[in-house]
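If you want the building blocks of each chain, they are given just below.
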Amino acid sequence: MELNAILAYQDVDKQLFNLEKDLAKNPYKLKCNALNQTAKDSQVKSSQLEEQAGSILSEMEELKKTISSTKKHGEELLKKDVTKLSADEISENLATKDKVLQNLSLLDKRLTKLAESINQVLAEFNKTIKNYNEAKAQYQKYKAAYDEVAKQQQPKIDALKGQLQNLAKTVPQETMEIYNKKRADKIFPVFVEVMGNNCGRCRMELSASALSKLKSEHILTCENCRSIIYSK
Ligand SMILES: [Zn+2]
């Protein structure tokens, strides 16, 4: 593979790669990424809370129905004319009434608990929405600051891209395609000279078979960092 053209291309592309790397690591950009994540997390959380609130509300509805039918049962017991009942029936009636009252008290407690939970969920929901709105507002602020930085770099980026376009014309198409694919995967430098017996990028030591392949073909993909190692 004739490498001079692509190496000249890579030299210029290095400046572009570094510019892009600096922009990606810009503190405003990092803050934007973090705020974006916060906003996304808040959205997920708020829909989870909504779901939770929905299921608590339906449990409360069910519970209210049970309470009202239990009360009805209790009232029916009270309506019975005790003068027409045997002693056994009266004591049975009293036991049932006690049971109903006990059940009612348990059901009431459960209802109070659910009411507390729904209040908690709603409070958390409001907090989550507030976090979301705050993150959105902050994001706009940092995004504007980052855009300003990016705008300042744009002429340099455009000039480098123009240079690269011209240089690309001298590179065989197949080589350019391999290069662009690696470059898109952030493997940079794409082509790297062997350093003794090591990869010139990640410094991994090459095996004997890799070295003999490099000797015969003058080119080899690093198994560790995926850069293309060449030897002159
Ligand atoms: Zn490597």
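See the structure above.
Conventions we followed
- The residue numbers shown here count from 1 along each chain, following its written sequence.
- The predicted nature of this model means local features are confined to residues of pLDDT at least 70 and side-chain atom pairs, given and counted, to a pLDDT of 80 or more, with totals for whole chains, interfaces and linings taken over all residues.
- Water and hydrogen atoms were dropped before computing side-chain values, which therefore reflect all heavy atoms in the structure.
- In this description, a donor is an N, O or S atom within 2.8 Å of the metal centre, a cutoff extended to 3.2 Å for sodium, potassium and calcium. Water is not part of the atom list, which can make sites seem incomplete.
- Square planar and octahedral sites, with four and six donors, are those where opposite donors lie more than 155 degrees apart and all other angles lie between 65 and 115, tetrahedral sites have four donors with every angle between 85 and 135 degrees, and the rest are irregular.
- Elements are defined by DSSP. Helices are runs of H or I of four residues or more, strands are runs of E of two residues or more, and each kind is numbered from the N terminus.
- Partly exposed describes any residue whose relative accessible area lies between the buried limit of under 20% and the exposed limit of over 50%, with all areas from a 1.4 Å probe on protein chains only and scaled to the type maximum.
- Axis lines are fitted through C-alpha atoms, for helices just across the contact stretch, and the angle between N-to-C directions can take any value from 0 to 180 degrees.
- When describing relative orientation, an angle under 35 degrees is termed roughly parallel and one over 145 degrees roughly antiparallel, while 65 to 115 degrees is termed roughly perpendicular and anything else oblique.
- Crossings are classed by handedness, with left-handed meaning an anticlockwise turn of the near helix from the far one by less than a right angle and right-handed meaning a clockwise turn.
- Side-chain classes are defined by residue name, with Ala, Val, Leu, Ile, Met, Phe, Trp, Tyr, Cys and Pro counting as nonpolar, Asp, Glu, Lys and Arg as charged, and the others, Gly among them, as polar.
- Side-chain atoms within 4.5 Å are what join buried Ala, Val, Leu, Ile, Met, Phe, Trp, Tyr and Cys residues into a set we call a nonpolar core.
- The contact definition used throughout considers only heavy atoms, calling two residues in contact when any of these lie within 4.5 Å.
- Salt-bridge detection follows one rule: a side-chain nitrogen of Lys or Arg within 4 Å of a carboxyl oxygen of Asp or Glu.

Colleague: What am I meant to see in the coordination of the zinc ion here?
Modeller: Each pair of donors in an ideal four-coordinate tetrahedral metal site encloses 109.5 degrees, whereas pairs in an ideal six-coordinate octahedral site enclose 90 or 180 degrees. Protein coordination of the zinc ion is provided by Cys199 (SG), Cys202 (SG), Cys222 (SG) and Cys225 (SG), with donor distances spanning 2.3 Å. Around the zinc ion, the four donor atoms sit at angles spanning 104 to 114°, and that spread fits a shape best called tetrahedral. Expressed as a motif, the donor residue spacing for the zinc ion is C-x2-C-x19-C-x2-C. Placement of the pair is Cys199 in the loop between strand E1 (191-193) and helix H5 (208-217) and Cys222 in the loop between strand E2 (219-221) and strand E3 (228-230), with a sequence separation of 23 residues. Residue Cys199 shares its accessibility class with Cys222, and that shared class is buried.

Colleague: For this particular structure, what's the right way to read the packing of helix H2 (residues 27-79) against helix H3 (residues 87-168)?
Modeller: Any two packed helices are characterised by the angle at which their axes cross and by the distance between the axes. At a minimum axis distance of 7 Å, the contact between H2 and H3 shows a crossing angle of 165°. It follows from the interaxial angle that H2 and H3 lie roughly antiparallel. Here H2 and H3 pass one another in a crossing that is left-handed. A class-by-class count of the residues in the contact of H2 with H3 yields 30 nonpolar, 17 polar and 13 charged.

Colleague: In this structure, what is going on with the nonpolar core? I would like to understand it.
Modeller: Side chains of nonpolar character tend, in soluble globular proteins, to be buried together. Membership of the largest hydrophobic core comes to 23 residues, with the highest contact counts inside it found for Ile6, Tyr9, Tyr179 and Phe191. The set of elements that each furnish at least two residues to this core consists of helix H1 (4-24), H3, helix H4 (173-184) and E3. Broken down by element, this core gets its largest block of residues, nine residues, from H1. Residues in contact with Ile6, not counting those within four places in the same chain, are Val171, Thr175, Met176, Tyr179 and Phe191. Counting 12 residues, the second-largest nonpolar core is a separate cluster that includes Leu49, Ile56, Ile118 and Val121.

Colleague: Would you explain the pattern of salt bridges in this entry?
Modeller: A side chain with one charge can pair with a side chain of the opposite charge if their charged atoms come near. As enumerated under the stated definition, the model contains seven salt bridges in all. In this structure, Glu124 and Lys45 form a salt bridge, with 2.8 Å as the shortest nitrogen-oxygen distance. Taken together, the residues Glu124 in helix H3 and Lys45 in helix H2 connect sequence positions 79 residues apart. Two residues, Lys213 and Glu217, come together in a salt bridge whose shortest N-O distance is 3.8 Å. Taken together, the residues span about one helical turn, with Lys213 and Glu217 both in helix H5 at a distance of four residues.

Colleague: Got a minute to help me understand the side chain of Asn26 in this structure?
Modeller: Take Asn26: it is sitting in the loop between H1 and H2. The class of Asn26 is buried, set by a relative accessible area of 12%. When sequence neighbours within four positions are dropped, the list of residues in contact with Asn26 reads Tyr146 and Val149.

Colleague: What exactly am I supposed to notice about the packing of H1 against H3 here?
Modeller: In contact at an axis separation of 10 Å, H1 and H3 are set at 165° when each is read in the N-to-C sense. Here H1 lies roughly antiparallel to H3, going by the angle between them. Crossing angle aside, the handedness with which H1 passes H3 is left-handed. The segment H1 lies against H3, with Ala8, Tyr9, Val12, Asp13, Gln15, Leu16, Leu19 and Leu23 engaging Tyr146, Val149, Ala150, Gln153, Lys156, Ile157, Leu160, Lys161, Gln163, Leu164, Leu167 and Ala168. Along the lines of polarity and charge, the residues of the contact of H1 with H3 split into 14 nonpolar, three polar and three charged.

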